[in-house]
Amino acid sequence: MEQREWKNRKRKKRSRKIQRRFYHRMVLVFGVLLIFLVLANFIKADQEFSEEENRMLAQKPELTWESLVSGDYMKDFESYVSDQFFARNQWITLKLYEDISLGKKESNGVYLGKDGYLIEKPDEPAWESVENNMSAISALAERYPDISTYMCTVPNAYYILEDKLPAKAPVRDQEADLRRISELMGDRVHNISVTDILKEHAGEEIYYRTDHHWTSLGAYYAFGAVAEEMGLKNVETEYNIHTVANDFQGTLASKSGYHASEDKIHVYEAANIEPEYIVTYVEENEKSASMYKSECLEEKDKYTVFFGGNHARVDISTTQPERKNLLLFKDSYANCFVQFLLPYYQNIIMVDARYFYDNIDSLIQNYGITDILFLYNANTFVTDNSLADVLAADESDEDADTGADSAADEETGEVSDTKTGNNV
């Protein structure tokens, strides 16, 4: 009996010794790995732009007393470390495999949908900004009653392709969001809904599997509804479709770390009425004879084949003889949509309010704008906080107009009633 107890104590002692040795080795491995990561992050040069995610990366914040006290420094530093961490893309992929092994259907804000679809989770709307933007759009339409103003808010994949979502995936009611946006439009803004036509073709590839954009096919179907509402004449129905990429993996593949799916990118060429045109990138002071940038097909984000991505302002002059000029306020969804608009306008002025700082009223007047179209995807529009500022009336122009009116009154000897606008 005593001998058996002695053997048990000896076995337990040996077991504890093995465990301690294992823990010591784990601590050593963890310590070496930690030191390696610290050194690797210290040596690694910071990147400004992520081709994987198609966005600017956070840079090292400047340490000031104000930023330290307010807490902004630590918040910015956390974003900086997250964006610049060594082998960040590989860690994202590793996390994806961990999530999948645990049965999760979401990775880094992206739903892992059916049939290889990656679907972006919707953002929470900033309704105060939405109301400000809609008020500014209505005010612009009121300022220019002779110009037809239209708005097309494109629904996102999570709403149209709801059958591709994981079972019971929590998403916003985008139908309600679109309805609320429509209710905020003034009487002079024409709402163009493309929801029904996109739902009708939901079984086709109208959204990319690996990217948050719609495809050229989705834009083509939507253009039919837009063209009808805007009264475009002799609308083209035949197109030559060119496949320019077979291996596109977009922003959602990079964000989620899931790279099992690939997409094709198509460009559409009107078969019968394709006009010649010149594209001017105003801020960059560059001109091109094509809206397509083939060199972008060699880059990670092949969707930038359309105009090379987003720009503050892009002017397109065509040989279309009718004097119709379009001012297009847009996000990146419009980049592949414009190819369908080319045959119907003499000039198309594309403005991305996120980067635009010039005077809109001068632009409208100088170019003889006949139509204004706001084309945004819903998820971007409900979080936009820049459009209202861009659309605001220029106060200096209003002051100049007031001054001119006063001078005219003095010359004629008349006095204006500032409340009624009548001469008294």
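Cut-off values and rules
Residues numbered from 1 in each chain as written. Predicted model: local features only at pLDDT ≥ 70, side-chain atom pairs only at ≥ 80, totals over all residues. Heavy atoms only, no water. Helix = DSSP H or I, 4+ residues; strand = E, 2+ residues; numbered from the N terminus. Buried < 20%, exposed > 50% of the residue type's maximum accessible area, 1.4 Å probe, protein only. Areas by Shrake-Rupley, 256 points an atom, 1.4 Å probe, with all protein chains shown as cover. Phe/Tyr/Trp six-rings, centres within 6.5 Å; stacked < 30°, edge-to-face > 60°. 1 Å grid on protein atoms, 1.4 Å probe; cavity = no way out; pocket = protein on both sides within 12 Å on 5 of 7 lines; lining within 4 Å. Points joined across faces, edges and corners; volume = space filled by probe spheres on them. Nonpolar A, V, L, I, M, F, W, Y, C, P; charged D, E, K, R; others polar. Salt bridge = Lys/Arg side-chain N within 4 Å of Asp/Glu carboxyl O. Patch = residues over 30% accessible without salt bridge, like charges linked within 9 Å, V, L, I, M, F, W, Y side chains within 5 Å. Lys, Arg positive; Asp, Glu negative; His and termini not counted. Charge placed at Lys NZ, Arg CZ, Asp CG, Glu CD. Pairing = 2+ DSSP bridges. Expected span 1.5 Å × (residues − 1). Polar contact = N/O pair within 3.5 Å; in protein donor to acceptor, adjacent residues only side chain to side chain. Core = buried A, V, L, I, M, F, W, Y, C linked by side-chain atoms within 4.5 Å.

A.B. asks: Help me understand the overall build of the protein chain in this model?
C.D. replies: The helix and strand inventory of the protein chain stands at 14 helices and 15 strands. Taken over 424 residues, the protein chain has a buried fraction of 44%. Accessible surface computed for the protein chain: about 23,800 Å², of which carbon and sulfur atoms make up 50%.

A.B. asks: For this particular structure, what's the right way to read the packing of aromatic side chains?
C.D. replies: The description of two aromatic rings rests on the distance between their centres and on the angle between their planes. For the structure shown, the criterion picks out 18 aromatic pairs. Between Tyr-220 and Tyr-239, the aromatic rings sit 5.7 Å apart at their centres with planes inclined by 80°, giving edge-to-face as the arrangement. Of this pair, Tyr-220 sits in helix α9 (residues 216-230) while Tyr-239 sits in strand β8 (residues 239-248), placing them 19 residues apart in sequence. Residue Tyr-220 is classed as partly exposed on the basis of its relative accessible area of 26%.

A.B. asks: So what exactly am I meant to see when it comes to empty space enclosed by the protein here?
C.D. replies: Leftover empty space is mapped by rolling, across the atoms, a probe with the size of a water molecule. A complete count under the given rule lists three cavities of 30 Å³ or more for this structure. Each pocket or cavity is described by its volume, and for the largest cavity that value is around 80 Å³. Lining the largest cavity, in full, are Leu-118, Ile-119, Glu-120, Asn-156, Ala-157, Tyr-158, Asp-211, His-212, Leu-252, Tyr-333 and Asn-379. If you list the elements that add at least two residues to the lining of the largest cavity, you get β5 (118-120) and α6 (157-160). For the lining of the largest cavity, the element with the highest residue contribution is β5, accounting for three residues. Its residues assigned to classes, the lining of the largest cavity shows six nonpolar, three polar and two charged.

A.B. asks: Would you explain the pattern of salt bridges in this entry?
C.D. replies: Between side chains of opposite charge, a pair can form when the charged atoms approach closely. What the rule picks out here adds up to 12 salt bridges. Note that Arg-209 is salt-bridged to Glu-205, the shortest N-O span being 3.0 Å. Given a relative accessible area of 44%, Glu-205 falls into the partly exposed group. Linking Asp-371 and Lys-324 is a salt bridge whose minimum nitrogen-to-oxygen distance equals 3.2 Å. In this pair, Asp-371 is assigned in strand β15 (residues 371-377) and Lys-324 in the loop between β12 (313-318) and β13 (325-330), connecting sequence segments 47 residues apart. Salt bridges sharing common partners tie together Glu-124, Arg-172 and Asp-177.

A.B. asks: I keep staring at a positive patch on the surface and nothing clicks. Help me out?
C.D. replies: Taken together, Arg-16, Lys-17, Arg-20, Arg-21 and Arg-25 make up a surface patch of like positive charges. Mapped onto the elements of the fold, Arg-25 is located in helix α1 (residues 2-43). Using a relative accessible area of 56% as the deciding quantity, one classes Arg-25 as exposed.

A.B. asks: What is the right way to read the pairing of strand β10 (residues 277-281) from this model?
C.D. replies: A regular strand places its side chains on the two faces of the sheet in alternate fashion. The buried fraction of β10 amounts to four of the five residues, a majority that puts the element mostly inside the structure. Examined bridge by bridge, β10 and β12 share five bridges and lie antiparallel to one another. Among the inter-strand pairings, Tyr-277 is bridged to a residue of β12, identified as Thr-318. Here β10 runs beside strand β11 (residues 286-288); their pairing, made up of three bridges, is antiparallel. Residue Tyr-281 lies in a different strand from β11, and its bridge partner there is Glu-286. If you look at the hairpin formed by β10 and β11, you'll find four residues sitting between the two strands, and Asn-285 has a positive phi there, around 55°.

A.B. asks: Sorry if this is basic, but what is going on with α9 here?
C.D. replies: Think of an α-helix as turning once every 3.6 residues; residues three or four places apart then point the same way. Relative to the 21 Å expected for 15 residues at 1.5 Å per residue, α9 spans 20 Å between its end C-alpha atoms, a close match to the ideal helical length. For α9, every residue scored as buried is listed here: Ser-216, Gly-218, Ala-219, Tyr-221, Ala-222, Phe-223, Val-226, Ala-227 and Met-230. Phi turns positive, to about 70°, at Gly-231, one or two residues after α9.

A.B. asks: It is not clear to me how the side chain of Ser-256 should be interpreted in this structure. Could you clarify?
C.D. replies: Relative to the assigned elements, Ser-256 resides in helix α10 (residues 251-256). Given a relative accessible area of 0%, Ser-256 falls into the buried group. In terms of polar contacts, Ser-256 uses its side chain to reach the backbone amide nitrogen of Tyr-258, at 3.1 Å.

A.B. asks: In this structure, what is going on with the environment of Arg-323? I would like to understand it.
C.D. replies: Relative to the helices and strands, Arg-323 resides in the loop between β12 and β13. Look at Arg-323 and you get exposed, because its relative accessible area is 66%. When the C-alpha atoms of Arg-323 and Tyr-345 are compared, they prove to be 7.3 Å apart, with 22 residues separating the residues in sequence.

A.B. asks: I would appreciate a short explanation of the nonpolar core in the present structure.
C.D. replies: Across soluble globular proteins, nonpolar side chains have a tendency to be buried as a group. Counting residues in each nonpolar core, the largest one holds 65 residues, and the members touching the most others are Trp-214, Phe-307, Ile-316 and Leu-373. With seven residues, α9 is the single largest residue contributor to this core. Of all hydrophobic cores here, the second largest spans 32 residues; its members include Tyr-144, Phe-329, Leu-363 and Phe-374.

A.B. asks: Teacher, can you tell me more about the pairing of β15 here?
C.D. replies: Along β15, seven of the seven residues are buried, which leaves the element largely enclosed by surrounding structure. Where burial is concerned, the two faces of β15 agree: the one with Asp-371, Leu-373, Leu-375 and Asn-377 and the one with Ile-372, Phe-374 and Tyr-376 are both buried. Strand direction decides the pairing type here: strand β6 (residues 148-154) and β15, joined by seven bridges, are parallel. Looking at the pairing, Cys-152 lines up with Leu-375 of β15.

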